[in-house]
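Structural description and commentary
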Amino acid sequence: MTGPHWFLIACFAVLAVGTRYLISQAFPREGAGGLAESRGDVPRAVLYSLISAMMPWKKETANRHIVSYALGITLHIGIFLSFLWLVLIFFNVELPQALIALSAIVLALGAFGGLLLLIRRLTTSQMRYLSTPDDYFSSLLTTGFIILTLMVLRSGGLKAALFIYAGILFLYIPVGKLRHAIYFALARVYLGLFYGRRDVWPADGRKSWRTRP
Amino acid sequence: MADKTLTLKQSRALEALNLRLGGRLRTHLNSCVHCGLCGESCHYYLRYGDPRFLPGNKVDQIARLYRRYFTPQGRLLPGWFGAGDLNDAAIEEMVDVVFGGCTMCGRCSIHCSIGVDIPFLVRTARTMLHELGLVPEGLQSTVNAAIESGNNMAIPRDEMVDTLQWLEQDLRMEVDDDSAGIPLDATGKHILYTLNPREPKFFPLSISAMAKIFYAAKESWTISTNCYDTTNYAYFSGSDASARELTQRLTGEMQKLKAGVLALAECGHGFRAIRWEGPDWLGEAYPFPVVSVIELMAGYIRSGRIRLDPGRNEKRVTLHDPCNLVRAGGVIEEQRFVLEHAVRNFVEMTPNRENNFCCGGGGGQLSMGEYRDRRVEAGRIKADQIRETGAKIVAAPCHNCIDQLMELNQVYELGVEIRTLAELVADALVLKSPAVEGS
């Protein structure tokens, strides 16, 4: 274990503690959906909120902005794949060249998506209006993470740089815009609770109407 | 959070936010990623293209304060993290955006990339502005009228009783039955029926229509002449204390009259406020069911308690989905079922149900005259939707929506009639048995 290894472990520990703290403050407690008598199928609605409601044909924000949506998806796939490769590289796991080559293509697409979204943020007036330095930095940080992972896969070197970079990314997640990684699922659960109790979701099988005598 | 630059009211506003910082609020305050894709979900942004009306910016009206006063990173590096002081400029923008540029319709939340509950955040921002004493005058006076007089139009009780007695006489003549009636303040009835005060004041025929339906269904019902207001504008003004007071009055009246079910008139926000938010204001679930009259009408049709002849409503009818009744209330299929039985030619608007566009009259907009032009401009989307259906009648199960739709009808020359569901059902009612009809 080298210094960068220990740095990464320490940063991951900070991320874990920070994440646990933030989740403990935000986790739905009993009665989180409200005290009014429910009329819907809440578990199905929460599931709907997490899966079906996210589909592009259900979401105007996706189907009216299909290019941005696709770029966002490739960026996020790239980020998740980078984290997976970080673990594999950290533990020196050897994988077939074909898999490395395939990963490199996906990472390149992810980095491309991240860069185009950053350009969109910089060049669209409504995006500039909304954006803070944190938004730009977060985009750069994640896109840079994908690019660095790609470089490590291609060259076999730069592992220490990747560990230090990833460590900084871990430290930034709980404080910056990237904390949506922690809150995203909770937001979907809360929205599922809200619409589920009221029987608005799941939109394709509302309980109160379906089961009425 | 202590900040010597804050005034007492500003400190109270931040304390109101602090008190509400539970898991749900924290989650939604921390989730927006500023993706900017939400604009086209908002009728204000669609009409004006002004980034101030981006739902993401509505989130920021309160999220920037949360970051500044409740997170360490926002205190240390406010410029970097988009944290902002609660100063005069921020407050001025906040009032304009959360009162003047949002109807809390929730369409943006359904389509949000993440799932941020934006109307929940806007409502919390309004609560902070209420603490600052900055609720627009018209909206605040509507709440005050309800608190002080018992109904939001300050109708004196004698006037209300006169109106209902006159409507009762009309009902008796119409159905040719002296036993037909509008029972006032009767105890032990199955249903306590509440009204939107706009009905006795401006639209008494919608009360007649519902009375006729209750008569046909042989329902056991009553109206309280002391406490009958379905509306709860404190939901819009952000005052939880007033919202609680208005809810308590209704629950108290239910107990006093020993009624079994609280039935709410066709009023979108009233349904949402009483059915869904009320128990949270009171801190306990109701000991009785609360239903919309739309659910009642659907039940009467399904069980055969009333019979309808859709041939009596030949004109093409479309349906407006009130946001608080549909997207935030869950009454979605019932009105369609009712219309399928009550009219011959029913056509949906596009989009509809939980994806509907707000008419522009929600969020208390009708009581805030200073935003009138904006409200009508934002309503153009609804006007275009109506025109595309080719309908001659718009069924609107919400009196606030009806007021807005009537104005849109005039401004955009739609040439349609705006009617409640009950009015259409009452017109289609078959009161006599088939044998009598045939004779």
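Residues numbered from 1 in each chain as written. Chains lettered and ligands numbered in written order. Predicted model: local features only at pLDDT ≥ 70, side-chain atom pairs only at ≥ 80, totals over all residues. Heavy atoms only, no water.

Here's the deal with the overall build of chain A
As a reminder of what qualifies: The helix count covers DSSP runs of H or I at least four residues long, the strand count covers runs of E at least two residues long, and both are numbered beginning at the N terminus. When accessible area is computed with a 1.4 Å probe and restricted to protein chains, residues below 20% of their type maximum are described as buried, those above 50% as exposed, and intermediate ones as partly exposed. Note on definitions: a residue-residue contact is assigned when non-hydrogen atoms from the two residues lie within 4.5 Å. Under the convention used here, Asp and Glu are negative, Lys and Arg are positive, and both His and the chain ends fall outside the count. Think of each charge as sitting on NZ of Lys, CZ of Arg, CG of Asp or CD of Glu.
If you tally the helices and strands in chain A, you get 10 helices and zero strands. Along its sequence from the N terminus, chain A presents helices and strands in the succession α-α-α-α-α-α-α-α-α-α. Reported as C-alpha extents along the three principal axes, the dimensions of chain A are approximately 65 × 40 × 35 Å. In chain A, which comprises 213 residues, the proportion classed as buried is 50%. Nonlocal contacts in chain A, meaning residues at least 24 apart in sequence, comprise 76% of its contacts between residues at least 6 apart. Distance from the positive charge centre (21 side chains) to the negative charge centre (9 side chains) of chain A: 4 Å.

A few points about the domain arrangement of chain B
In many reports, interface size means the accessible area that the parts give up when they come together. Residues and elements named next belong to chain B. Stated formally: For the domain bounds, the source is a domain assignment made automatically or taken from a database. When two parts are put together, the accessible area they lose, computed with a 1.4 Å probe and summed over both, is reported as buried area. The salt bridge criterion pairs a side-chain nitrogen of Lys or Arg with a carboxyl oxygen of Asp or Glu, the two atoms within 4 Å. Counting of polar contacts relies on pairs of N or O atoms within 3.5 Å, with two restrictions inside protein: one atom must be capable of donating a hydrogen and the other of accepting it, and residues adjacent in sequence are counted only when both atoms are side-chain atoms. Residue type decides the class: Asp, Glu, Lys and Arg count as charged, Ala, Val, Leu, Ile, Met, Phe, Trp, Tyr, Cys and Pro as nonpolar, and the leftover types, Gly among them, as polar.
Assigned domains of chain B: these are domain 1 (8–134), domain 2 (146–300) and domain 3 (306–428). Summarising the inter-unit geometry, the C-alpha centres of domain 2 and domain 3 are found 21 Å apart. Counting residues at the interface gives 27 residues for domain 2, matched by 28 residues for domain 3. Of the roughly 2400 Å² buried between domain 2 and domain 3 on both sides combined, carbon and sulfur atoms contribute 67%. On inspection of domain 2 and its partner domain 3, the count reaches one salt bridge. With a shortest N-O distance of 2.2 Å, D403 and R198 are connected by a salt bridge. At the surface where domain 2 touches domain 3, the tally comes to 10 residue pairs in polar contact (both at pLDDT 80 or more). Take the side of domain 2 that touches domain 3: its biggest share by element is seven residues, from helix α13 (residues 204–216). Class assignment for the residues of the side of domain 2 that touches domain 3 results in 16 nonpolar, five polar and six charged.

A look at the sheet that holds strand β6 (residues 345–347) of chain B
Residue and element names in this part refer to chain B. Counted only if it meets this: The criterion for strand pairing is that DSSP finds at least two bridges linking the strands in question. Angles shown run from 0 to 180 degrees and are taken between the N-to-C directions of axes, each axis being a line fitted to C-alpha atoms and, for helices, limited to the stretch in contact.
Strand order in the open sheet made by the four strands is β6-β5-β7-β8, with parallel pairing throughout. Both edges of this open sheet fall to β6 and β8 (417–419), since each of them pairs with a single strand only. Each neighbouring strand pair of the sheet contributes to a mean axis angle of 30 degrees, computed without reference to strand direction. The pairing of strand β5 (residues 316–319) with strand β7 (residues 393–395) spans three bridges and is parallel. From the neighbouring strand, T318 faces β7, where its bridge partner is V394. Contacting β5, β6 and β7, helix α18 (residues 334–342) runs over the sheet at an angle of about 175 degrees to β5.

A short note on the nonpolar core
Across soluble globular proteins, you tend to see nonpolar side chains buried next to one another. As a reminder of what qualifies: Grouping buried Ala, Val, Leu, Ile, Met, Phe, Trp, Tyr and Cys residues that are joined through side-chain atoms within 4.5 Å yields what is termed a nonpolar core.
Core analysis: the largest hydrophobic core is formed by 80 residues, its most contacted members being W201 of chain A together with I191, Y193, I213, I223, M297 and I306 of chain B. A domain split of this core shows at least three residues from each of domain 2 (146–300) and domain 3 (306–428) of chain B. Residues in contact with I213 of chain B, not counting those within four places in the same chain, are M297, Y300, I306, A422, V425, A426 and L429 of chain B. Counting 50 residues, the second-largest nonpolar core is a separate cluster that includes C35, M94, F99 and V116 of chain B.

Quick word on the confidence of the model for chain A
Heads up, the condition is: Here pLDDT means the predictor's own confidence in every residue, given as a number from 0 to 100.
Scored by pLDDT, chain A comes out at a mean of 94, with 97% of its residues at no less than 70. Mean pLDDT across the secondary structure elements of chain A bottoms out at helix α10 (residues 207–210) of chain A, with 67, and peaks at helix α8 (residues 159–172) of chain A, with 98.

Thoughts on helix α9 (residues 180–197) of chain A
Heads up, the rule is: Here the expected length of a helix is defined as 1.5 Å per residue gap, with one fewer gap than residues.
For α9 of chain A, spanning 18 residues, the distance from its first C-alpha to its last is 25 Å, which sits close to the expected 26 Å at 1.5 Å a residue. Count one or two residues on from α9 of chain A and you reach D199 of chain A, which has phi positive near 70 degrees.

What about the pattern of salt bridges?
Counted according to the given criterion, the structure contains 40 salt bridges over all chains. Salt-bridge contacts for R198 of chain A lead to E277 of chain B; the nearest nitrogen and oxygen are separated by 3.1 Å. With one member in each of two chains, R198 of chain A in the loop between α9 and α10 and E277 of chain B in helix α16 (residues 268–282) form a pair that bridges those chains. The class of R198 of chain A is buried, set by a relative accessible area of 5%. For the salt bridge of E377 of chain B with R380 of chain B, the shortest nitrogen-to-oxygen distance reads 3.6 Å. A relative accessible area of 30% places R380 of chain B in the partly exposed class. Via salt bridges that share partners, R206 of chain A together with D321, E333, R336, E348, R353 and E354 of chain B belong to a single interconnected network.

A few points about a nonpolar patch on the surface
Residue and element names in this part refer to chain A. As a reminder of what qualifies: Each patch is assembled from residues with relative accessible area greater than 30% and no salt bridge, linking like charges that lie within 9 Å and nonpolar side chains (Val, Leu, Ile, Met, Phe, Trp, Tyr) that lie within 5 Å. Accessible surface area values rest on a Shrake-Rupley calculation with a 1.4 Å probe, where residue burial reflects the displayed protein chains alone.
Taken together, F7, V14, I164, I168 and L171 make up a surface patch of nonpolar side chains, about 390 Å² in accessible area. Breaking the nonpolar patch down by element, the ones donating at least two residues are α1 (3–26) and α8. The biggest single contributor to the nonpolar patch is α8, with three residues.

As for the side chain of R197 of chain A
Within the secondary structure layout, R197 of chain A lies in helix α9. Leave out the neighbours within four places in its chain, and R197 of chain A touches G33, G34, L35, A36, E37, S38, R39, G40, V42 and G192 of chain A together with W276 of chain B.

Quick word on the pairing of strand β3 (residues 261–264) of chain B
Residue and element names in this part refer to chain B. Of the two faces of β3, the one carrying V261 and A263 and the one carrying L262 and L264 are both buried. Two elements, strand β1 (residues 191–193) and β3, share three bridges in a ladder whose sense is parallel. Residue pairing across strands places Y193 opposite A263, the latter belonging to β3. Two strands pair when backbone bridges link them, and β3 and strand β4 (residues 290–292) are joined in this way by three bridges, in the parallel orientation. Bridge pairing links L262 to V290 in β4.

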